[in-house]
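The residues making up each chain are set out below.
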Amino acid sequence: MLKESIARLGNRTLQGVGRIGFAVRFFVAIMLHSGTAFRRFGLTIREMYFSGVQSLVIILVSGLFVGMVLGLQGYETLQTYGSEDALGILVAMSLVRELGPVVAALLFASRAGSAITAEIGLMKATEQLSAMEMMAVDPIARVVAPRFWAGVISMPLLAALFSAMGIFGGYLVGVQLIGVDEGSFWSQMQSAVDFEQDILNGVIKSVVFGIAITTIALFEGYDAPPTAEGVSGATTRTVVTSSLTVLALDFVLTAFMFRGLS
Amino acid sequence: MNKTILDLWVGLFVIVGIAALLFLTLKVGSMNTVTNSDSYEVVARFENIGGLKTRAPVKSAGVVVGRVADVRFDNEVYEAAVTLRLDKRYAFPKDTSAAIMTSGLLGEQYIGLEAGGDSVKLKDKDRIMITQDAVVLESLIGKFLYGNAQEGAPK
């Protein structure tokens, strides 16, 4: 009984390590076969439509509401200290540094990541990938790499849109609805937000998140058991794993980026 | 889907995304120079402006009448030259005084204008002669302590 459970643990560990190794090799293969994604850029553009353009609505609407909530909550708190003029700083800083890249990445993982996994998983289940190999077309170059680069390009754009929309939402609630002084709102924001420290770091974060999410989504799809159950399980795993990875990566990146500030 | 429409959408997406990035860099990140046509500028010199920044409000009787357009250091008189951009609708007498005030205890600084009694109004590029510097909390505390120490000194 004990021996069995220890053996099961060992088996699980070996499988886990094997999967990580497979994922890394998969990532290297994407890198090596990326030439096609750029030479036939039409393929990448097509995928950008599915992962980028179709995520626009959810990103823009969520950004607007997150910004509006920040405006309301921030005002409530800042008002206690009589410094509601600093609302612009609060909204812009929290969006550009953290909420923009992270929430946009979480939405992207659930909106586009799951779709990528389901699509590739089904392609594998219906043996389309094997058929491609038969015709001497490399499925990694033709199917996987364009999706990868489309995600990596889309992610920072979506994060920027999320932040911009959120700041607009904060402006709507803070300035137009509550009546914080418009000049103070923008001027304090402008003097506090730094291009390199805040905006550039936010963009770097979103690029890293884009790489992580698309790699996980593609790998889960490619690795899914070719059954209906297998594909659904892989889709769930994509959302869970990439969300957790984004949050963990965010902590690591923030620690590296902002610890050297003072 | 039609390839041209698809390309169009992706192109739009990229343009809007880059526009958002530009908005973040220019509007949120650093200065933007939006000039107001219906305004006139006056200059006020201060010995100490504290934490006054460009685009801070200029208020008179608590109402915003303009914005700080520019803050420079005048190397000839060793004072800060602050350019105020005031709304054309509001005309102030020539002997108006400008003071740097703080909204609340920790709030941001603004310029308060107090109208004088002169019948001649301020014109574009005029200078406000009577100014009052920003109150620097540290020097105020210093003065207070110094004054107390003197009072308590043995006679």
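For clarity, every value in this text was computed on a predicted model and none was experimentally measured.

Chemist: So what's going on with the overall build of chain A? Which residues, and what values?
Modeler: Scanning chain A from terminus to terminus reveals 10 helices and 0 strands. Once the C-alpha set of chain A is aligned to its principal axes, its extents read approximately 65 × 55 × 35 Å. Scored against the burial criterion, the 262 residues of chain A give a buried share of 48%. For chain A, the proportion of contacts with a sequence separation of at least 24, taken over those separated by at least 6, is 87%.

Chemist: So what's going on with the domain arrangement of chain B? Residues and values would help.
Modeler: When its domains are assigned, chain B resolves into domain 1 (1-32) and domain 2 (39-141). Distance between the C-alpha centres of domain 1 of chain B and domain 2 of chain B: 40 Å.

Chemist: Any chance you could break down the sheet that holds strand S3 (residues 63-74) of chain B for me, citing the residues and the numbers?
Modeler: Residues and elements named next belong to chain B. An order of S7-S1-S4-S3-S2-S6-S5-S8 is seen for the 8 strands of this open sheet, with the pairing classed as mixed. Strands at the two margins of the open sheet, each flanked by one partner only, are strand S7 (126-128) and strand S8 (130-132). Strand-to-strand, the axes of this sheet are offset by a mean angle of 30°, without reference to chain direction. Relative to strand S4 (residues 79-87), S3 runs antiparallel, the two being bridged by 8 bridges. Across the sheet, Val68 pairs through a bridge with Leu84, a residue of S4.

Chemist: Any details on the pairing of strand S6 (residues 109-114) of chain B? Residues and values, ideally.
Modeler: Residues and elements named next belong to chain B. Sheet topology places strand S2 (residues 57-60) next to S6; 3 bridges connect them, and they run parallel. Looking at S6, one finds that Lys59 is bridged to Gly112. Sheet topology places strand S5 (residues 97-102) next to S6; 6 bridges connect them, and they run antiparallel. Pairing of Thr102 across the sheet is with Gln109, part of S6.

Chemist: Describe the packing of helix H5 (residues 87-125) of chain A against helix H8 (residues 182-192) of chain A, naming the residues involved and giving the relevant values.
Modeler: Residue and element names in this part refer to chain A. Their axes nearest at 7 Å, the elements H5 and H8 cross at an angle of 50°. With respect to each other, H5 and H8 are oriented oblique. Crossing handedness for the pair H5 and H8: right-handed. Residues Leu87, Gly88, Ile89, Ala92 and Met93 of H5 form the contact with H8, whose participating residues are Phe185, Trp186, Gln188, Met189 and Ala192. The residue makeup of the contact of H5 with H8, split by class, is 8 nonpolar, 2 polar and no charged.

Chemist: A description of the pairing of S2(B) should follow, citing residues and the corresponding values.
Modeler: Regular strands place side chains that alternate from one sheet face to the opposite one. Residues and elements named next belong to chain B. Pairing between S2 and S3: 4 bridges, direction antiparallel. Across the sheet, residue Ser60 finds its bridge partner in S3, namely Val63. Taking the residues between adjacent antiparallel strands as the criterion, S2 and S3 are bridged by 2 residues, where Ala61 takes a positive phi near 55°.

Criteria and cut-off values
- Residues numbered from 1 in each chain as written.
- Chains lettered and ligands numbered in written order.
- Predicted model: local features only at pLDDT ≥ 70, side-chain atom pairs only at ≥ 80, totals over all residues.
- Helix = DSSP H or I, 4+ residues; strand = E, 2+ residues; numbered from the N terminus.
- Buried ≥ 20, exposed ≤ 12 C-beta atoms within 10 Å, placed from the backbone.
- Contact = placed C-beta atoms within 7 Å.
- Domains from an automatic or database assignment.
- Pairing = 2+ DSSP bridges.
- Axes fitted to C-alpha atoms, helices over the stretch in contact; angles between N-to-C directions.
- Parallel < 35°, antiparallel > 145°, perpendicular 65-115°, else oblique.
- Left-handed = near helix turned anticlockwise from the far one by under 90°.
- Nonpolar A, V, L, I, M, F, W, Y, C, P; charged D, E, K, R; others polar.

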